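Here's the letter readout for the chains.
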Amino acid sequence: MPSHRFLGRLAVGVAALATLGVAALSGATSAAAVDDSVTPLNSNIVITGAGWGHGKGMSQWGAYGAADAGLSYRQILAFYYPTTTVSTLAAGTRLRVLISADDDGRLDVAPATGLLIKDAAGTTWTLPSGSNYRRWRISRSGSSRVLHYLNASGTWVKKSTPLSASRNWAVSNPDRGYVTVRLPGGSYRDLRDRVWLRFLGTGARTVNSLTMENYLRSVVPSEMPASWPAAAVQAQSVAARSYAARYLVRPLTSVYDICDTTYCQVYRGLATRSGSTRTVHEYEASTAAAQDTAGQVLRSGTAIALTMFSSSNGGWSADGGTPYLVAKEDPYDGRMRNQAWSQAVSSARIQKLFPSIGTFRALKIVDRDGSGSWGGRVDTVTLVGSSGSVTVSGGTFKSRLGLRERLFHAVAGLAPGTGNWDRWQSLGGTTSWVGAPISSEVKVAGGLAARFDGARQVWLPSHSRINALRFEHGRCSRCVLGEDDVLLDRAAVLRRQAGLAEQEQEQEVRRRE
């Protein structure tokens, strides 16, 4: 399913390192890998990964990067959906969208001049307007539809109409082009074209019926910023149109085709209003992108392609099980932002999420899909504890821990609040020039050492103000980062460490005297 979240990328700084792409975190491989077991240190492990979402189909950040590299929207689509072809939907194609937030089984509409109801038999009735009509409500009574209005004194009054109560009713406003629906929490949503109360089972749901192009006016900027390059937003328009069009062939239910959440695609309508604040969800740039690609969809053979997309694929797209959703390296995904991330996970949290294991002792990544960094996306994880072990899918592990992607690996240590963690975070964390941890934290004389993609950091508790950080790459392999983030000669720092130790010994002798 699509995703509309966006990751961050910071420029690499002090050491003038090369851009920290995903491949820099670890070599890309073509064969599945089994990781070594990771035993928690200081009751902590760190999960480091790349990407955000499922990684199948188009990377939205990759589309941005490809557009920045000069690719047209058709070239972007060809890269992310190889073997597909462009075709055109019939003009005026309509879509039925579930308004999931309106879940109270009735349809409440704000009054407006020009508001009318039309039943499925074709009978149309214009709703009266004036100060006595504060709100309209269509509700279900058995197998019939009933209309009420809220009068000036705050009383609901039943209103008779010439409409067929046994037929579906649609509310529209040709004068304005949209209907304002009141949601159960008291907020309002402006929805283009028509709004229906459709019976489903023993209940009823609010459904917005509108043209595909009006639908895209809200969906495209909800899934991708309208301010991004035109080619990227045009590619998003075609992908979103194609994704929605598949639901016309395989609708979710008999009364609506598609939902309005991230499970399908994010659709917020023309605007939302809460209190006196009205927020418009359509933008000129994204509307123009949809118009520039009007009606265009991707097909695989004669079928409309399943044009899945996510925020970022972490530098490798995932296999989607079709000839056009293939696993391959993506040179554009990290072009505009570093897609790496890290998350500290305490032993206590794992024990709470997987209580049957008892005391958490080790994590083992058992199987990967073989495509991407660290050997690919995680397929299977085993958690070992004092009371036994639990094996779960990579997707379940990702979901339970709230990880961004299945493209990750684990290291031990770096517990929040410890020296190496605090120093790493103060320098910018995973997306800084220091990079991501590439191996478990280990004990060294006087403290702990952690290796990162850009540096090796050593925490010395007795000399915490120095907290030496050595560059493994860059312009000065013999330098360290001093307490003011100034490059210092390593030998000088070691002499300073020795001097501080001597001073402490002298002070201890004086105290004893």
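Before reading on, note that the structure itself is shown above.
The structure presented is a predicted model; accordingly, all values stated were derived computationally and were not measured. (Residues numbered from 1 in each chain as written. Predicted model: local features only at pLDDT ≥ 70, side-chain atom pairs only at ≥ 80, totals over all residues. Heavy atoms only, no water.)

(A) Layout of the side chain of Asp260. In this fold, Asp260 is placed in the loop between helix 5 (230-249) and strand 17 (271-274). Engagement of the side chain of Asp260 in a polar contact is seen with the side chain of Ser100, the distance being 2.6 Å. Leaving out residues up to four positions away in the same chain, Asp260 has contacts with Val97, Leu98, Ile99, Ser100, Arg189, Gln265, Val266 and Tyr267. (Helix = DSSP H or I, 4+ residues; strand = E, 2+ residues; numbered from the N terminus. Polar contact = N/O pair within 3.5 Å; in protein donor to acceptor, adjacent residues only side chain to side chain. Contact = heavy atoms within 4.5 Å.)

(B) Just the packing of helix 4 (residues 212-223) against helix 5, in detail. Here helix 4 crosses helix 5 at 125 degrees, and the two axes come no closer than 9 Å. Considered as vectors, helix 4 and helix 5 are oriented oblique to each other. For the crossing formed where helix 4 meets helix 5, the hand is right-handed. For the pair formed by helix 4 and helix 5, the contact residues are Met212, Glu213, Tyr215, Leu216, Val219, Val220 and Glu223 on the first element and Val233, Gln236, Ser237, Ala240, Arg241, Ala244, Ala245 and Leu248 on the second. Tallied by class, the residues present in the contact of helix 4 with helix 5 amount to ten nonpolar, two polar and three charged. (Axes fitted to C-alpha atoms, helices over the stretch in contact; angles between N-to-C directions. Parallel < 35°, antiparallel > 145°, perpendicular 65-115°, else oblique. Left-handed = near helix turned anticlockwise from the far one by under 90°. Nonpolar A, V, L, I, M, F, W, Y, C, P; charged D, E, K, R; others polar.)

(C) Up close: the sheet that holds strand 6 (residues 107-109). Strand order in this open sheet of eight strands is 11-10-9-6-13-14-17-18, and the pairing throughout is antiparallel. For this open sheet the edge positions go to strand 11 (156-158) and strand 18 (277-280), each flanked by a neighbour on one side alone. Taken pair by pair, the neighbouring strands of this sheet meet at an average axis angle of 30 degrees, ignoring direction. With three bridges connecting them, strand 6 and strand 9 (residues 135-141) associate as antiparallel partners. Residue pairing across strands places Leu107 opposite Ile138, the latter belonging to strand 9. (Pairing = 2+ DSSP bridges.)

(D) Molecular detail of the state of the cysteines. Tallying each qualifying case throughout the model produces one disulfide. Note on cysteine connectivity: Cys259 is disulfide-linked to Cys264, with sulfurs 2.1 Å apart. Here the disulfide of Cys259 and Cys264 is right-handed, its torsion about the S-S bond being about 115 degrees. With respect to class, Cys259 is no different from Cys264; both count as buried. (Disulfide = S-S within 2.5 Å. Buried < 20%, exposed > 50% of the residue type's maximum accessible area, 1.4 Å probe, protein only.)

(E) The pairing of strand 19 (residues 296-300), seen in detail. Two elements, strand 4 (residues 85-88) and strand 19, share four bridges in a ladder whose sense is antiparallel. Within the sheet, the bridge partner assigned to Thr85 lies in strand 19 and is Arg299. Pairing geometry for strand 19 and strand 20 (residues 303-304), over two bridges, is antiparallel. Across the sheet, the residue bridging to Arg299 is Ile304, located in strand 20. In this structure, the hairpin formed by strand 19 and strand 20 is closed by a connection of two residues, where Gly301 is found at a positive phi of approximately 70 degrees.

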